[in-house]
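Examining the three-dimensional arrangement
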Amino acid sequence: MRRQNLEVADIFHCNGATWRNANAGHLSLGQLQVMSAIESCRSAALGGHVERCEDCGHRRIAYNSCRNRHCPKCQGAAAKDWLAAREADLLPVGYFHLVFTLPAEIAPIAYQNKAVVYDLLFRSAAETLLTIAADLRHLGARIGATAVLHSWGSAMTHHPHVHMIVPGGGISLDGTRWVSCRPGFLLPVRVLSRRRLFLDSLADAHAAGRLAVFGELDSLRNRAAFTAHLAPLRKKNWFVYAKPPFAGPEAVLAYLARYSHRIAISNSRLLALDERGVTFRYKDYRRNGRARYRTMTLASDEFIRRFLLHILPKGFHRIRHYGLLASATCKTNIARARELIAMPVPVTNPPEEHDDADPTASVAADHRPPCPCCGGRMIIVETFERCGAPRAPPPSNAGSRGATP
């Protein structure tokens, strides 16, 4: 298969049934649902609509998207909408990028307890950051942060870590002024690297019976054994990586566009599917320069296994906001911060009103690509249900794998 045509869905179509049979009883309902959604995405199985160009009359079929957050084809529109909402919250200050990485010794426990351990990773990283920033020995201010969970390395191995985007300053503790951080420096990494809060919270979760350990970790059910497992980690620090500050708010948005709705592997990284397995591009961060960009071939069943490692529990939020950016008070805090920085509040146009009689058509109108023939506006002229077909399908060369995002 040519690279530009290869998708995760193709791998599931070719090998998914065999994988499910071989692993029956060992797959979660969530993993099965994700596989089914990706296999059906932008196909007749989900229904769709027929579009016609207002200018030249060109027609095409657009099948509906599954809108699953783990699907490689459904993240572009979701990221675009999310970024539009975030743009109004940016401040005219430098932004910093921090990465909090879960210790390797905890990763197997995290995989068996995703909701609990990933939540603790979020909370402990955020609390550590906000507490140290509020300390008068450091910044002495209330700051905000946007955090995004990634559970993978470039080769789809299990590597949980949280990316945090942090404005370079905050509101003073008495609320009277904006406190800027030093140029190019937010907070000392050695202080942020303390992981006592996370380990204490993890031990409390185990004591409360909130952790389920089994298989190779079965011995950790014993509280003494679990405490002994954590003991060496108390002498180590977090691996906290502080990247150079962003060049400006636009660079922050560009970064978030790449990372906020990323999944374990995008279709663009897939190179080939053949008898050897799946070949894809990845980055080897132990190397520098061009040598960092490499290719890897995995047996198809191993590729599927690694992909499914990163399916999140239903309802788990992988993008969270803390401090000044917490949802409940974000607008008030941003307005106050702009006032203290002496920045005028931006004037934003009210959102256009849509006819909600057809939600599918409304969503499609926001992201529908233009006519491939003349660039004109495409309008929906017919819809059809799941596993259905249009009444008068366009010519065969007018079909499309495009979709309602």
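Quick note: structure is the one above.
On a predicted model such as this, the values are computed, not experimentally measured, just so you know.

A count of helices and strands for the protein chain gives twelve helices and 15 strands. The buried share of the protein chain, taken over its 405 residues, is 48%.

Considering all chains together, one arrives at 18 salt bridges under this definition. R286 is the partner of D284 in a salt bridge, and the nearest nitrogen-oxygen pair spans 3.1 Å. A residue is classified by how much of its surface remains accessible, and R286, at 76% relative accessible area, is exposed. For the salt bridge of E339 with R336, the shortest nitrogen-to-oxygen distance reads 3.1 Å. Taken as a pair, E339 and R336 lie in helix 11 (residues 330-341) at a separation of three residues, close to a single helical turn. With a relative accessible area of 52%, E339 lands in the exposed category.

Our next topic: empty space enclosed by the protein. Counting across every chain of the model gives one cavity of 30 Å³ or more. Size it by volume and the largest cavity reaches roughly 40 Å³. Taken together, L91, I143, G144, P167, G169, G170, W178, L324 and L325 make up the lining of the largest cavity. Across the lining of the largest cavity, the residue classes break down as six nonpolar, three polar and no charged.

The next thing to look at is the side chain of T128. You can see T128 is positioned in helix 5 (residues 114-134). Looking at T128, the relative accessible area reads 11%, which means it is buried. Polar side-chain contacts of T128 include one of 2.7 Å to the backbone oxygen of S124.

Approximately 1,300 Å³ is the volume attributed to the largest pocket. Forming the walls of the largest pocket are 39 residues, and the residues nearest its centre are S154, Y259, R262, K283 and Y285. Of all elements in the fold, only helix 3 (75-87), strand 3 (95-101), strand 5 (144-152), strand 6 (158-167), strand 9 (239-243), helix 9 (249-259), strand 11 (277-283) and strand 12 (293-298) reach the threshold of two or more residues within the lining of the largest pocket. Along the lines of polarity and charge, the residues of the lining of the largest pocket split into 15 nonpolar, 14 polar and ten charged. As for the second largest pocket, its lining consists of 24 residues, and the residues nearest its centre are S28, Q31, K114, L308 and I311.

In this section: the nonpolar core. In terms of nonpolar packing, the biggest core is built from 49 residues, with I106, V117, L129, M164, F198 and L202 touching the most fellow members. In contact with L129, not counting residues within four places along its chain, are L98, I143, A145, M164, V166, L187 and L192. Residues L6, F12, W152 and M156 belong to the second largest nonpolar core, which totals 32 residues.

Right, let's get into the packing of aromatic side chains. According to the stated counting rule, one finds five aromatic pairs in the structure shown. Between F122 and F316, the ring centres sit 6.3 Å apart and the planes meet at 35°, which makes this aromatic pair tilted. Separated by 194 residues along the polypeptide, F122 in helix 5 and F316 in the loop between helix 10 (300-308) and strand 13 (319-323) bring together distant segments of the chain. Owing to a relative accessible area of 1%, F122 belongs among the buried residues under this scheme. The exposure class of F316 is buried, given its relative accessible area of 8%. Taken together, the ring pairs in this structure connect Y118, F122 and F316 into an aromatic cluster.

Bringing the environment of A203 into the picture now. The residue A203 is located in helix 7 (residues 196-207) in this model. Expressed as a C-alpha distance, the spacing of A203 and R223, which sit 20 residues apart in the sequence, is 8.7 Å.

Turning our attention to the sheet that holds strand 5. Here five strands make up an open sheet; going across it, the order is 9-3-6-5-13 and the pairing antiparallel. For this open sheet the edge positions go to strand 9 and strand 13, each flanked by a neighbour on one side alone. Averaged over all neighbouring strand pairs, the angle between strand axes comes to 25°, with direction disregarded.

What follows concerns unusual backbone geometry. One non-glycine residue, R42, lies in the positive phi region at around 55°. Phi is positive for M156, close to 70°, though the residue is something other than glycine. Tracing the backbone through its elements, the reader meets M156 in the loop between strand 5 and strand 6.

What follows covers the state of the cysteines. Scanning all chains against the criterion turns up zero disulfides. Free cysteine C53: the closest other cysteine sulfur is in C374, separated by 3.4 Å. When its relative accessible area of 2% is taken as the criterion, C53 is described as buried.

Examined bridge by bridge, strand 10 (residues 270-274) and strand 11 share four bridges and lie antiparallel to one another. In the sheet register, L270 faces strand 11, and the bridge partner there is F280. In this antiparallel pair of consecutive strands, strand 10 and strand 11, the connection spans two residues.

Each value, and the rule that gives it
Residues numbered from 1 in each chain as written. Predicted model: local features only at pLDDT ≥ 70, side-chain atom pairs only at ≥ 80, totals over all residues. Heavy atoms only, no water. Helix = DSSP H or I, 4+ residues; strand = E, 2+ residues; numbered from the N terminus. Buried < 20%, exposed > 50% of the residue type's maximum accessible area, 1.4 Å probe, protein only. Salt bridge = Lys/Arg side-chain N within 4 Å of Asp/Glu carboxyl O. 1 Å grid on protein atoms, 1.4 Å probe; cavity = no way out; pocket = protein on both sides within 12 Å on 5 of 7 lines; lining within 4 Å. Points joined across faces, edges and corners; volume = space filled by probe spheres on them. Nonpolar A, V, L, I, M, F, W, Y, C, P; charged D, E, K, R; others polar. Polar contact = N/O pair within 3.5 Å; in protein donor to acceptor, adjacent residues only side chain to side chain. Core = buried A, V, L, I, M, F, W, Y, C linked by side-chain atoms within 4.5 Å. Contact = heavy atoms within 4.5 Å. Phe/Tyr/Trp six-rings, centres within 6.5 Å; stacked < 30°, edge-to-face > 60°. Pairing = 2+ DSSP bridges. Axes fitted to C-alpha atoms, helices over the stretch in contact; angles between N-to-C directions. Disulfide = S-S within 2.5 Å.

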